Amino acid sequence: MKIFALLTLTLFSFLAQAEPLNIIVNGSPGGTFFERSHMYAEILQKSGYDVNLINAGKTLQAANLFEKINDPTMMVWIDTLSAIRPLEATEENFVSLEYSAPLYLCNKNGKNGGTVGMPKTYVFGPIQQIGKFKPIPYKNTGAVRDAAIAKEIDFAYLNQGKAKTLESAGFSCQTVPGIKQHAIVIAKNIDLGKLAMAVSQAQNNNDFVNWLDKRNFYRQYNISRLEQLDLVLKSQDLWKNAE
Amino acid sequence: MFFLLGSAAGILAGLLPGVGVLVSMILLYPIIHTAETHQIILCYMSVAAIVQFVGTIPSVYIGIPGETNSMPALVEGAKFMRHNRSNLAVGMCACASLLGSTIVVLIFIVLSSVFLDLFSVVISTSFKAILFSAVILLLIVVYNNHKWQINLLLIAFGILIGLVGESSVFNYSYLDFGVESLSTGFGLVPVICGLLVPSALFQQYSRSANAHSAQLKITQPLLAMVKHYTSVLRGSIIGTFCGLVPGVTTILSSNASYACESKLHPNSPSKKIIAAESANNSGQFSSMLPLLLFGIPITGSEILLYDMLINSGWAENQFTRIDENIEFVYQLLPWFVAVNLLGLIISWPLSKQLLIIYKLPTHFITTIVLLCIVCICAYVGNLQLQSMSYVVQFLCFACIGLALRKYNLLPAVFAFLLATELEGIYYRVYLFHF
């Protein structure tokens, strides 16, 4: 009986310590948002958080949900979306900068201009300095990659992962100067400093490091959370001001 | 083991509306994500193949689309049911599915050397624009006793509800009227279930579905295959090419083939159901080829599969390994044949065993099925935190479906499925030419 009481007490004290945390999962299964969210969920659960996953599906829905929710909640996000979605990183919600990655312009025919396929969520401004392009919007980067393979566009404007696929199909890709994507973690209704430490530990987990390395994503080592935020805010402004 | 696991998941996915290949793979994820590459592919292939066989069974016997591409089987199956010949329909579907799978393998063997060129044509906007226009034209011409005005209105309705929510080419939403749950559009499950299922159940209310279906000689479906071999061939070829179109794969395969057969043989339910089912299976196999050969997933479930493959050590960029990948697909072929034979056995001789639940009284089944569908809508909606919205959507579309039950609503449903694709395709065609 005593053992049972002790076990019950231990269990309750453990549950009492576990801090509740919602993680909003946006994006499709297999996408980077989806994978990152699930990795954080697994690692943060082990490090003592009582994690509850909320599947939000599309990024617009996730942004709306994040704005509305009143419980402790975190979500992975990317600064490119702040130009078109009602959500951006601020001092009040920023937790951590996860990685940076350039955007690419790929083509196969050596032209200096022409049609450029781009996901509808990207802004056109950054590539206007490179040549004279006519933008053709697609649903996502996967559709842009397919259009490039189908040879219906002269250039493909897409992210690092898809650019690597096109390179292996014989395309030559150049980075788009002056602008990068920054993958970040945001949260609300929670102690941001404490969560930032837990997230930072999660990012140093072997699985996470392997995942980032496999995709050649660049991690910002050795800078403080405020310096990270400064970097993200500047990038966010670039995206928002780009036409 | 992975073969059997995938097959079992495929049976459940085929029997339960709303639980497709993607949901099955998500449920299997904890079990298979640590497996070897070929084991994961084998499991996926088993789920995807079996679901095509089994999805037909509830469509024909009780009027519930087991899969989103089972709608032609649902519509034509009802005609067989009226004559107490559901057994024949199921037998023909199973045989046509097997033949469709066999023909797509033969097409692959013949065309494997030119597959890259073929794929690059099929995924182009111009090809899609021509293909989708042809399908829309067929939808206008062939359904509802060729009453094109009715079909046109149904297609317009389908496109209208399909466009609600976020645009596929612009960063804003259409027709959401500020309602947050509409900003991401109507749900696929409530729309399909609402428009098609209650009206189909209502029409069958006074009929005893499979209980009185005439006894079937084993030779009857086989003879039907011989008699309608042109429909099998046509369905398989259309299915193979439509299966390569990203996003709509088997839905386009079965519906394009069905629409084509409806135009050629409007009064032959046998030919139509055979063509649609052979297209289903051939489309399923061809839809896997872009992923297996080039590492390009073209459906939601393949994106998940791709992720599992990457995590199990598969290289991300497969363009430099196409020859090796073709060899790999050849190695998979015997398993593909085996899973299709298993599918044939499950969906034909054993179909009644799967449907043992439907021996219950019709009113009871109808009530249970409707409740299940409401629960499925709530469950699928809950994944998006929109349970109530999905249930309300289902009820609204069920009312519309019942009100319009004297019409075949397939053109509306198909237009709904393609609406955002159509928007993107025609807008890009406009940009390319003006």
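Refer to the structure presented above.
Let me begin by describing the structure that accompanies this report.

Rules used in this analysis
Residues numbered from 1 in each chain as written. Chains lettered and ligands numbered in written order. Predicted model: local features only at pLDDT ≥ 70, side-chain atom pairs only at ≥ 80, totals over all residues. Heavy atoms only, no water. Helix = DSSP H or I, 4+ residues; strand = E, 2+ residues; numbered from the N terminus. Buried < 20%, exposed > 50% of the residue type's maximum accessible area, 1.4 Å probe, protein only. Phe/Tyr/Trp six-rings, centres within 6.5 Å; stacked < 30°, edge-to-face > 60°. Lys NZ or Arg CZ within 6 Å of the ring centre and 35° of its normal. 1 Å grid on protein atoms, 1.4 Å probe; cavity = no way out; pocket = protein on both sides within 12 Å on 5 of 7 lines; lining within 4 Å. Points joined across faces, edges and corners; volume = space filled by probe spheres on them. Nonpolar A, V, L, I, M, F, W, Y, C, P; charged D, E, K, R; others polar.

## Observations regarding the overall build of chain A
Argument step 1. Scanning chain A from terminus to terminus reveals 9 helices and 8 strands.
Argument step 2. Looking at the 243 residues of chain A, the share that counts as buried comes to 56%.

## Some remarks on the packing of aromatic side chains
Here a ring pair, both rings aromatic, is described through the centre-centre distance and the interplanar angle of the planes.
Residues and elements named next belong to chain A.
Argument step 1. Taken as a whole and assessed by the stated rule, the structure comprises 16 aromatic pairs over all chains.
Argument step 2. Judged by centre distance (6.5 Å) and plane angle (55°), the ring pair of tyrosine 99 and tryptophan 211 falls under tilted. With tyrosine 99 in strand β4 (residues 94-107) and tryptophan 211 in helix α8 (residues 206-214), the pair connects residues that are 112 residues apart, well separated along the chain.
Argument step 3. The class for tyrosine 99 is buried, based on a relative accessible area of 3%.
Argument step 4. Put simply, the rings of Tyr40, Tyr99, Phe208, Trp211 and Phe217 pair up and form one aromatic cluster.
Argument step 5. Positioned above the aromatic ring of phenylalanine 33 is the side chain of arginine 36, whose terminal nitrogen or guanidinium carbon lies 5.4 Å from the ring centre.

## A word on empty space enclosed by the protein
Where empty space is left in the structure can be found by rolling a water-sized probe over the atoms.
All names here are of chain B.
Argument step 1. The full count for this structure, using the stated rule, is 2 cavities of 30 Å³ or more.
Argument step 2. In this structure, the largest cavity is lined by Val104, Ile107, Phe108, Leu111, Phe115, Leu118, Thr240, Phe241, Leu244, Ser286 and Leu289.
Argument step 3. For the lining of the largest cavity, the secondary structure elements donating two or more residues are α6 (86-111), α7 (115-122), α12 (229-242) and α14 (269-294).
Argument step 4. Residue contributions to the lining of the largest cavity peak at 4 residues, all from α6.
Argument step 5. For the lining of the largest cavity, the per-class residue count stands at 9 nonpolar, 2 polar and no charged.
Argument step 6. Looking at the second largest cavity, its volume works out to about 40 Å³.
Argument step 7. Residue lining of the second largest cavity: Met45, Ala48, Ala49, Gln52, Ser101, Asn281, Gln284, Phe285, Met288, Phe336 and Asn340, and that is the complete set.
Argument step 8. Within the residue set of the lining of the second largest cavity, elements represented by two or more residues are α3 (37-54), α14 and α16 (322-347).

Nothing here speaks to function; it is all geometry.
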